[in-house]
Amino acid sequence: MRRSETVTGNPPPDEPSDVEGVRSDDTLMTERAAEGDEDAFAVLVRRHAPSLLRLAARLLGDRAEAEDAVQEAFVGAWRSLPEFQGRSSFGTWMYRIVTNRCLNVLRARRPQAPLNELPDLPAPAHSTAPDRITEGRAALHDVQEALSTLSPEQRICWTLRTLDGRSYAFIAKAVGISEQAVRARVFRARRQLTHSMGAWQ
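Quick caveat: nothing in here was measured; it's all calculated off a predicted structure.

**Structural notes on the overall build of the chain**
The helix and strand inventory of the chain stands at nine helices and zero strands. Sequence-ordered secondary structure for the chain, helices as α and strands as β, is α-α-α-α-α-α-α-α-α. Out of the 201 residues belonging to the chain, those deemed buried represent 39%. Long-range pairs, those at least 24 residues apart, make up 71% of the contacts in the chain with a sequence separation of at least 6. For the chain, the accessible surface area stands at approximately 11,400 Å², while carbon and sulfur atoms represent 49% of it.

**Looking at the packing of helix H3 (residues 38-60) against helix H5 (residues 90-108)**
Relative orientation of the contacting elements H3 and H5 amounts to 35°, with a least axis distance of 10 Å. Crossing of H3 over H5 shows right-handed handedness. Listed contacts from H5 to Phe41, Leu44, His48, Leu52, Leu55, Ala56, Leu59 and Leu60 of H3 are Phe90, Gly91, Met94, Tyr95, Val98, Thr99, Cys102, Val105 and Leu106. Grouping the amino acids of the contact of H3 with H5 by side-chain chemistry returns 14 nonpolar, three polar and no charged.

**What about the environment of aspartate 164?**
Position of aspartate 164 among the secondary structure elements: in the loop between helix H7 (152-163) and helix H8 (168-175). For the pair aspartate 164 and leucine 59, spaced 105 residues apart in sequence, the C-alpha separation works out to 9.8 Å. In this structure the side chain of aspartate 164 is engaged in a polar contact, spanning 3.3 Å, whose partner is the side chain of arginine 166.

**As for the environment of isoleucine 177**
Its place among the elements puts isoleucine 177 in the loop between H8 and helix H9 (179-196). When sequence neighbours within four positions are dropped, the list of residues in contact with isoleucine 177 reads Cys157, Ala172, Val182 and Arg185.

**Considerations on the nonpolar core**
By size, the foremost hydrophobic cluster in this structure holds 43 residues, and its most contacted members are Phe41, Phe74 and Met94. Breaking this core down by element, the ones donating at least two residues are helix H2 (19-34), H3, helix H4 (63-80), H5, H7, H8 and H9. Residue contributions to this core peak at 13 residues, all from H3. In this view, methionine 94 contacts Leu52, Ala73, Phe74 and Ala77; residues no more than four positions away in its chain are not counted. Core analysis: the second largest hydrophobic core is formed by seven residues, Leu147, Leu150, Trp158 and Met197 among them.

**A few points about the packing of aromatic side chains**
Using the criterion set out here, one finds six aromatic pairs in the structure. Seen from their ring centres, phenylalanine 41 and tryptophan 78 are 5.0 Å apart, and the 55° between their planes marks the pair as tilted. Highlighted residues: phenylalanine 41 in helix H3 and tryptophan 78 in helix H4, separated in sequence by 37 residues. Judged by relative accessible area, phenylalanine 41 falls into the buried class, the value being 2%. Residue class for tryptophan 78 comes out partly exposed when judged on its relative accessible area of 29%. Every member of this aromatic cluster is reached through a ring pair, and the members are Phe41, Phe74, Trp78, Phe84, Phe90 and Trp93. For arginine 161, the ring lying beneath its charged end belongs to tyrosine 168, and the centroid distance is 4.2 Å. Just above the ring of phenylalanine 170 sits the side chain of arginine 166; from NZ or CZ to the centre is 4.5 Å.

Rules behind the numbers
Residues numbered from 1 in each chain as written. Predicted model: local features only at pLDDT ≥ 70, side-chain atom pairs only at ≥ 80, totals over all residues. Heavy atoms only, no water. Helix = DSSP H or I, 4+ residues; strand = E, 2+ residues; numbered from the N terminus. Buried < 20%, exposed > 50% of the residue type's maximum accessible area, 1.4 Å probe, protein only. Contact = heavy atoms within 4.5 Å. Areas by Shrake-Rupley, 256 points an atom, 1.4 Å probe, with all protein chains shown as cover. Axes fitted to C-alpha atoms, helices over the stretch in contact; angles between N-to-C directions. Left-handed = near helix turned anticlockwise from the far one by under 90°. Nonpolar A, V, L, I, M, F, W, Y, C, P; charged D, E, K, R; others polar. Polar contact = N/O pair within 3.5 Å; in protein donor to acceptor, adjacent residues only side chain to side chain. Core = buried A, V, L, I, M, F, W, Y, C linked by side-chain atoms within 4.5 Å. Phe/Tyr/Trp six-rings, centres within 6.5 Å; stacked < 30°, edge-to-face > 60°. Lys NZ or Arg CZ within 6 Å of the ring centre and 35° of its normal.

Structure (structure tokens):
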């Protein structure tokens, strides 16, 4: 697969608009792809790549690393499809694969790279004023520094919960831990971030 097909494709125009319809169509495409149908797998790639790339960029804070993670995830998924038993949806399965790849990247960083793709922060009033611009940049830098103090496990869980809006149950399945462990990691991450960002409280 070419990278452009993997990480930058848009969902097909005839994608079902309702969630159940998408899941049903994903199941059909997954079954066909598992039988070696490359066109069916391409449909799945186009449908899920944009959201997976956004996820990886949030987790890693680096566009190039995010693209690599998603690319590798799809390559691995294609090879593993014959063993995919459908206990979860294709989207959830891919989410888990990408999350774990990002976790491995974060664990391997020495030192942890600065984030440059944080979600947009609300602009303060009169943000065009020079002093407001300087203040905003300082705050963003402090957020980046604060996130870098989290362990990879805490950062993954906090990002999935706070920035991606995922449920504790979903995160537990994606990361492969219990819901209680997810809650504990999110709690510790929030406490650490609150402490690190104390100057902006």
